[in-house]
Amino acid sequence: MTSMQIGLSVFALMLVLMGIRVPIAISMFVPGAIGYLMLSGWHPLLAHLKGAVYGRVSVYDLSVIPLFMLMGAFAVQGGLSKALFDFANALLGRFKGGMAMAGILACAAFGSISGSTVATTATIAQVAYPEMRRIGYTGRLATAVLATGGTMGVLLPPSVTLMVYAILTEQNITKMFLAAYIPALLAAIGYLAAIAIMVRLHPDQAPPAKAAPLSEVLASGARVWPILAIFFVVFGGIYGGLFTATEGAAIGNILTFAITLLRGDMDRSRFVNAVRTAAQTSGMIFMIFIGADMINAALALSQLPMQLSDLVAHMQISPVIVMAGIMIFYILLGCVMDEMSMILLTVPTLFPVIMGMDFFGLMPADKALWFGILILTVCEIGMIFPPVGLNVYIMNGLAKDVPMAETYKGVVPFLATDAIRLSLLIMFPALSLWLVHRLT
Amino acid sequence: QEAVVLKLHHFLPASSYAQTMLLQPWCDKIAAESNNRMKCQIFSSMQLGGTPPQLIEQVRDGVVDLVWTLPGYTAGRFPSLEAFELPFMMQNPEATSKALWEYTQQFSMTEFKDVKPIAFHVHGDGVFHMTSKPVKTMADLRGLKLRAPTRMTNKFIAMLGATPVSMPVPQVGDALSKGVIDGAVVPYEVVPSVKIQELVKFHSETDPAEASFYTSTFVLAMNKAKYDSLPADLKKVIDNNSGITPSGNAGKAFLAADAEGKKLTLKNTHNTISASELASWKALGNKLAADWVEEMKGKGADGQKMLDTAKALIAKHAAAK
Amino acid sequence: MNTPLSDATPDRVIDRLCDISAAIGGAVLVAIACMTVVSVVGRAFFSHPILGDIELVQLGCAVVVASFLPYTQHRRANIMVDFFTTNASPRTQGFMDAFGTLLYTVVMALILWRVAVGGIDIKAAGERSMLMDIPLWWPYTLMLPGLLLSIVVGIRQLQWQWERLCRQATTTGDAA
Ligand code: NA
Ligand code: NA
């Protein structure tokens, strides 16, 4: 077999294994290991595995996952997240779907600093998912909202994925960030609109709108100040550059634990339950990372992403079709890769192709920024695109009572707005470039 | 007959000077000299997985055939090279790289016995790249978080009063943009690889007449079994492109890359730390060197002899220029 | 809270061990959080953080994750896609689940073996952390108990799934 055929077979085997109920992490790991074996041999595979797993689980940036999982579990066990949601619901419950909308925005805010789609969804969902269910959202809508919201951080500055794209393509980071604001805003508008329409067409998906009396708002507000204070310290500190996301998570942990303890809401059994929850979800997420790492290594070795990019480059076809092909290609890659791996493996080959083609007579610098926005938008979509999307899995893993099919049904409306947004971004490069031209 | 393909793995992006000015030219050269019977397949940005410190293990174990990396990312593994990473050793990267190659033949062969070193080299002048204020004196560093590459540089940064944060180059951009660090010590060569010019405002160099306040050592290494498996004529091509001359050329390429990288930073503010200010730095540097000699003694190595040899070799190659 | 496979002694022991492993991971995680807070406070107020706090987080994170893995598998929280098989018979699903557990166990065994070898090699190479001078084979070694327990959990689950399949075969046979 050629390396490209091996790469494709790895992909196919993964889909088969996923189809027959093999855990997702293992469905990625096994074909990855077999592919690696065929491409490189036993010895390199065994040598690769010596360091790969440790390398994957000892990443400073990823330490936020268990830390935020534990913080969230403390907040849930100590009743803080219930207090927060009672307050938010008192404020937003007058709008049908209001809490779902708040969930999207919370994900966006968290995602832009956490640097990881998966970490964002897992963290927010830990706290928000049980509460959304409690106040009457269906599993379908709640999981879809949180899985979709988590992807927004890919595009929203300061995004490490955008930075890496800028570095690989030698673009200015500031301009890259500027180009991303309007598309990110469009994403938010699209998602909020999707929620608004969905709860109108299917009123059973969300609790009925109920205006809370002012007294209830104030009463729930009085209980909620500690958690607002924690949020302020943790996220203010991270956004302000006072400390890293990991440090923020550590501080948040200690504060959350201390406050629940002082209020008498934390005891031994709740503490144990919090640790168990954190263990279960972190273990699930890191297992997927380990599996994805193996299959990514095999795909990189097979040069499948590079060769497919090359194939596109040498087809004598119109730019529009090339662009469409690239978009589909990324959505497929999103099955197995996180956004960073996709960018690292494909941009070096695809970028020159795009730069060599004419799109609306764009200047090279504009074309590069525009293409970056398109690529990252599709990466976002790939993370939630059925039947396989990394973020959908993670979300579904956190919501054990919801069948995967329900989550898939839930993300369809969001994907519809994504499709509209992507078409707009392709047809009107000004949406990405206007702010850049205006401010630089 | 099919061409031998050597998988070369490294941690910088494909657009980095390290790839365009050093690794790609080296690969082109072995391809040309072998009539295209041997060529590289370069995997940049750690595309094949793992972390930068794991590169050396990857080439040792044959995960890949060639790596280019910093031995200093793996503390404790290559103590002999630390002699070159002590403060104020390097003045000219080409001469120092040649000296480094010669030095390794004498002191580092046990440490590198599991791989085939192709070249050893150093980078040019270290520069402080700072987000909020320039470094004019040691006092300016007080309390700041600074990224540094190797064990020796981390220790020196701490002696200067800053808080060292150890991380490989690829993480520097993210760390600077999020305020995790207030600055980084790297040569100008790295600038485009992390877009430092857009993330900091100040670049503080040391007096060019003085030796650099730090440098890092690099190695281009090949898997031993892969080398042994080559037919004699291809072995010869590798041999012809290994050793002191390619090492010196690598140092020279990095000096040229520094000049290119500096051009990208011109719209930022530059300053030079004066020779008089550096006097107190050197005293600290000497203390660090003395500590290192002691530490080597504890490991049963003659640190003093290693340090003296390093200095003598650097002087010899600098004079020969 | 926990649901052991059965009340049989081996299952209760495994259940207990998974709990202990998660608790150890949790303790390390809390220690990481405390250390980080101390370092941030030291940096903010005394210009004196813990030198090497970042590498401690990295080393600790490896131990935390490995200690969490058996608990995750014990609770069957390693997510899978049930989308395509919801209409399959319980017996077919049972076969598939046993196959998945078998692959999981083999993969974890492979990982355990390679991490152990990796630790031995790192020890031989004398690699240490940059600022704290901690031998890097320590976190490798501390990952091993969690990985080993994951395998034990996998084997026991496999055995249980297999026995259930056999029981189902008998009952179907009786019906026919
Ligand atoms: Na982001
Ligand atoms: Na997908």
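Bear in mind the structure is a predicted one, so any value in this text is a computation, not a measurement.

Cut-off values and rules
- Residues numbered from 1 in each chain as written.
- Chains lettered and ligands numbered in written order.
- Predicted model: local features only at pLDDT ≥ 70, side-chain atom pairs only at ≥ 80, totals over all residues.
- Heavy atoms only, no water.
- Contact = heavy atoms within 4.5 Å.
- Buried area = accessible area lost by both parts, 1.4 Å probe.
- Salt bridge = Lys/Arg side-chain N within 4 Å of Asp/Glu carboxyl O.
- Buried < 20%, exposed > 50% of the residue type's maximum accessible area, 1.4 Å probe, protein only.
- Helix = DSSP H or I, 4+ residues; strand = E, 2+ residues; numbered from the N terminus.
- Core = buried A, V, L, I, M, F, W, Y, C linked by side-chain atoms within 4.5 Å.
- 1 Å grid on protein atoms, 1.4 Å probe; cavity = no way out; pocket = protein on both sides within 12 Å on 5 of 7 lines; lining within 4 Å.
- Points joined across faces, edges and corners; volume = space filled by probe spheres on them.
- Nonpolar A, V, L, I, M, F, W, Y, C, P; charged D, E, K, R; others polar.
- UniProt positions renumbered as here; feature names shortened; annotations may be inferred.
- Axes fitted to C-alpha atoms, helices over the stretch in contact; angles between N-to-C directions.
- Parallel < 35°, antiparallel > 145°, perpendicular 65-115°, else oblique.
- Polar contact = N/O pair within 3.5 Å; in protein donor to acceptor, adjacent residues only side chain to side chain.
- Disulfide = S-S within 2.5 Å.
- Pairing = 2+ DSSP bridges.
- Lys, Arg positive; Asp, Glu negative; His and termini not counted.

Trainee: How would you sum up the interface of chain C and chain A? Please name residues and give values.
Mentor: Between chain C and chain A, the residue contacts involve 59 residues of the former and 56 residues of the latter. Between chain C and chain A the total buried area reaches about 5,200 Å² when both faces are included, carbon and sulfur atoms providing 76% of it. When the buried surface of chain C facing chain A is broken down by residue, C:Ile79, C:Val81 and C:Arg114 rank first, second and third, together holding 13% of it. The interface formed by chain C and chain A includes four salt bridges.

Trainee: Describe helix α18 (residues 390-398) of chain A, naming the residues involved and giving the relevant values.
Mentor: Within α18(A), nine of the nine residues are buried, which leaves it mostly tucked inside the rest of the structure. Among the residues of α18(A), those classed as buried are A:Leu390, A:Asn391, A:Val392, A:Tyr393, A:Ile394, A:Met395, A:Asn396, A:Gly397 and A:Leu398.

Trainee: Let's hear about the nonpolar core: which residues, and what values?
Mentor: The nonpolar side chains of a soluble globular protein tend to be buried, and buried together. Counting 324 residues, the largest nonpolar core has A:Ile326, A:Tyr330, B:Trp68, B:Phe128, B:Trp281 and B:Trp292 as the members making the most contacts within it. If you tally residues by element for this core, the top one is helix α13 (residues 268-302) of chain A, at 19 residues.

Trainee: Can you tell me about the layout of surface pockets, naming the residues and giving the values?
Mentor: Residue and element names in this part refer to chain A. The volume enclosed by the second largest pocket comes to roughly 680 Å³. Lining the second largest pocket are 29 residues, with Leu 84, Phe 85, Ala 106, Ile 124 and Phe 231 sitting closest to its centre. Within the residue set of the lining of the second largest pocket, elements represented by two or more residues are α4 (64-77), α5 (80-92), α6 (98-114), α7 (117-134) and α11 (214-239). A breakdown of the residues in the lining of the second largest pocket according to their chemical character gives 25 nonpolar, four polar and no charged.

Trainee: How would you summarise the UniProt feature "transmembrane region" (unreviewed entry) in chain C if you had to cite specific residues and measurements?
Mentor: All names here are of chain C. As annotated by UniProt and renumbered to match this structure, "transmembrane region" (unreviewed entry) occupies residues 20-44, 94-116 and 136-155. Annotation note: span residues 20-44, helix share 100%, strand share 0%, distance between end C-alpha atoms 36 Å. Summarising residues 94-116: 100% helix, 0% strand, and an end-to-end C-alpha distance of 33 Å.

Trainee: Break down the packing of helix α15 (residues 319-333) of chain A against helix α16 (residues 339-355) of chain A for me, with residues and values.
Mentor: Residues and elements named next belong to chain A. Between α15 and α16, the shortest axis-to-axis distance is 12 Å and the interhelical angle comes to 175°. Judged on the interaxial angle alone, α16 and α15 are roughly antiparallel. Taking contact as the criterion, the partners of Met 323, Ile 326, Phe 329, Tyr 330 and Leu 333 in α15 are, on α16, Met 342, Thr 346, Val 347, Leu 350 and Ile 354. Grouping the constituent residues of the contact of α15 with α16 by class yields nine nonpolar, one polar and no charged.

Trainee: Would you mind going over the interface of chain B and chain A in detail, with residue names and values included?
Mentor: Each partner contributes to the interface: chain B provides 27 residues, whereas chain A provides 32 residues. Interface area lost by chain B to chain A is led by B:Gln47, B:Lys178 and B:Lys195, which between them contribute 22%. Here chain B and chain A share two salt bridges between them. Notably, a salt bridge pairs A:Lys50 with B:Glu57, separated by 3.2 Å at the nearest N-O pair. Inspection of the chain B/chain A interface yields eight residue pairs in polar contact (both at pLDDT 80 or more). Of the residues that constitute the side of chain B that touches chain A, the class distribution is eight nonpolar, 11 polar and eight charged.

Trainee: Could you give an account of the environment of A:Trp370, naming the residues involved and the relevant values?
Mentor: Residues and elements named next belong to chain A. Position of Trp 370 among the secondary structure elements: in helix α17 (residues 364-384). Taking the C-alpha atoms as reference points, Trp 370 and Gly 334, separated by 36 residues in sequence, lie 20 Å from one another. Those residues in contact with Trp 370 that sit more than four places away from it in its chain are Met 323, Phe 359, Phe 360, Leu 362, Leu 425, Ile 426, Pro 429, Ser 432 and Leu 433.

Trainee: How would you sum up the environment of A:Phe271? Please name residues and give values.
Mentor: Along the chain, A:Phe271 turns up in helix α13. Between the alpha carbons of A:Phe271 and A:Ala73 there is a distance of 8.7 Å; along the sequence they are 198 residues apart.

Trainee: Got a sec to walk through the state of the cysteines? Specific residues and values, please.
Mentor: As enumerated under the stated definition, the model contains one disulfide over all chains in all. There is no disulfide at A:Cys107, and the cysteine sulfur nearest it, in A:Cys379, is 18 Å away. A:Cys107 sits in the buried class, given a relative accessible area of 0%. Of all cysteine sulfurs in the structure, the one in C:Cys61 sits closest to C:Cys18, which takes part in no disulfide; the separation is 20 Å.

Trainee: How would you sum up the pairing of strand β9 (residues 202-206) of chain B? Please name residues and give values.
Mentor: All names here are of chain B. Summarising burial for β9: five of the five residues are buried, a large majority. Examined bridge by bridge, strand β5 (residues 127-130) and β9 share three bridges and lie antiparallel to one another. For His 129, the partnering residue across the bridge sits in β9 and is His 203.

Trainee: Residue-level account of the side chain of B:Asp140, with values.
Mentor: Counting through the fold element by element, B:Asp140 comes out in the loop between β5 and β6 (145-148). This buried residue, B:Asp140, is left without a salt bridge; B:Lys133 holds the nearest opposite charge, at 4.6 Å.

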